[in-house]
Amino acid sequence: MTVSDNLKQYSWHTGAPLRPLNPDETLPVLFRDIGPVAMSTFLEKGLKRLAGPVTPITYMRTAAYQEPYTDYEHIGRLVFLQPLQLQPWYSGVSDIYVALASRLPDVETIAFVPGTLPLHDAEQLTRDIINHHQWREVLGGRAYDDILTDTLERLNTLNQTLQDSEKQGLPLRRALQSSQREIRLRARDTMQQLGLTESDLCTAWHHIAPERRAVICEAFQESKINLGLHRKGFKHD
């Protein structure tokens, strides 16, 4: 490995000591959840970066990792068919590996795992598969293409509802961050009255059950009235 692949300095990011792979260590197939917006970009035109713009490392997981959330929209995951190209390090957390965020493997070795395919099954299917063309054939060729089309359509719908919810919830979020104590307290009281929690404001949209999302959006509309933000010309800060 080169000096640039020394990831020890990023232990603060993972909260555990990082280490390079041992020479005789077997690296399992690695997966990554990139979220609905990045996934739609990946399916449409590919990605030039696997992590966020300010994140120094890319997190990846094995099929054995238990996610602490539910993906209600089945947006799918990325699978790295030749993960060694990322020169990953063990994160110090079970079943989690990391790599420099600037590293991107050969695009031929990145494939899409449908959201309805359990990762344990996907791991088994990746045996002897080295590129996404072979992966497509394993998953049925044209049937796989249909899954991609359906997923992209669902993602576009989800991302639009996400954008709408962000717009609806912005006044309440701004009120909570206001420099005026009175406005902050009024916002918290409003949240309590409407049954909103900080989790409702911070959790990824596709990790919230659809029924709860509907409640949240309705509460966002009511919060504008409670906070007086519906009045034309009102400035909250």
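Residues numbered from 1 in each chain as written. Predicted model: local features only at pLDDT ≥ 70, side-chain atom pairs only at ≥ 80, totals over all residues. Heavy atoms only, no water.

A.B. asks: Honestly, the overall build of the protein in this entry has me stumped. Any pointers?
C.D. replies: Looking only at helices and strands, the protein features eight helices and seven strands. Out of the 237 residues in the protein, the part that is buried amounts to 42%. Within the protein, contacts between residues separated by at least 24 positions form 73% of all contacts whose residues are at least 6 apart in sequence. Split by element, the accessible area of the protein, about 13300 Å² in all, is 51% carbon and sulfur. Within the protein, the 29 negative side-chain charges are centred at a point lying 10 Å from the centre of the 26 positive side-chain charges. (Helix = DSSP H or I, 4+ residues; strand = E, 2+ residues; numbered from the N terminus. Buried < 20%, exposed > 50% of the residue type's maximum accessible area, 1.4 Å probe, protein only. Contact = heavy atoms within 4.5 Å. Areas by Shrake-Rupley, 256 points an atom, 1.4 Å probe, with all protein chains shown as cover. Lys, Arg positive; Asp, Glu negative; His and termini not counted. Charge placed at Lys NZ, Arg CZ, Asp CG, Glu CD.)

A.B. asks: What is the right way to read the packing of helix α5 (residues 142–176) against helix α6 (residues 181–194) from this model?
C.D. replies: For any two helices packed against each other, the geometry is given by the interaxial angle and the distance between the axes. Remark: α5 packs on α6, axes separated minimally by 7 Å, with the N-to-C direction vectors making an angle of 130 degrees. One finds that α5 runs oblique with respect to α6. Across the interface between the two elements, Leu172, Ala175 and Leu176 from α5 touch Ile183, Arg184, Ala187, Arg188 and Met191 from α6. Class assignment of the residues belonging to the contact of α5 with α6 gives a composition of six nonpolar, no polar and two charged. (Axes fitted to C-alpha atoms, helices over the stretch in contact; angles between N-to-C directions. Parallel < 35°, antiparallel > 145°, perpendicular 65-115°, else oblique. Nonpolar A, V, L, I, M, F, W, Y, C, P; charged D, E, K, R; others polar.)

A.B. asks: Would you mind showing me how to read α6 here?
C.D. replies: Two residues of an α-helix separated by three or four positions point the same way, owing to the 3.6 residues in each turn. Counted at 1.5 Å a residue, the expected span for α6 with its 14 residues is 20 Å, and the 20 Å between its end C-alpha atoms agrees. Buried within α6 we find Ile183, Ala187, Thr190 and Met191. Viewed along the axis of α6, the buried residues span an arc of 100 degrees, placing them on a single side of the element. Seen from the buried face of α6, the exposed residues on the opposite side, beyond 90 degrees, are Arg181, Glu182, Gln192 and Gln193. Positive phi appears at Gly195, one or two residues downstream of α6, with a value of about 75 degrees. (Expected span 1.5 Å × (residues − 1). Arc of directions from axis to C-beta.)

A.B. asks: When you look at the pairing of strand β4 (residues 77–80) in this model, what are you seeing that I'm missing?
C.D. replies: Here β4 shows no split at all, with Arg77 and Val79 on one side and Leu78 and Phe80 on the other all buried. Two elements, strand β2 (residues 30–32) and β4, share three bridges in a ladder whose sense is antiparallel. Bridge pairing in β4 links Phe31 to Val79. Sheet topology places β4 next to strand β7 (residues 110–113); four bridges connect them, and they run antiparallel. Within β7, the position partnered with Phe80 by the bridge is Ile110. (Pairing = 2+ DSSP bridges.)

A.B. asks: What is the right way to look at α5 in this model?
C.D. replies: Its 35 residues give α5 an end-to-end C-alpha distance of 49 Å, which sits within 8% of 51 Å, the value for a rise of 1.5 Å per residue. Of all the bends found along α5, the most pronounced is centred on Leu170 and spans about 45 degrees, while Pro171, a proline, follows it within four residues. (Bend = angle between axes of the 7 residues up to and from the residue.)

A.B. asks: Help me out: how do you make sense of the side chain of Thr14 in this one?
C.D. replies: By secondary structure assignment, the location of Thr14 is in helix α1 (residues 11–14). By relative accessible area, Thr14 is classed as buried at 16%. Here Ala16 takes part through its backbone oxygen, which lies 2.9 Å from a polar atom of the side chain of Thr14. Once you skip the residues sitting within four places of it in the chain, Thr14 turns out to touch Ile57, Tyr59, Ser91, Val93 and Val98. (Polar contact = N/O pair within 3.5 Å; in protein donor to acceptor, adjacent residues only side chain to side chain.)

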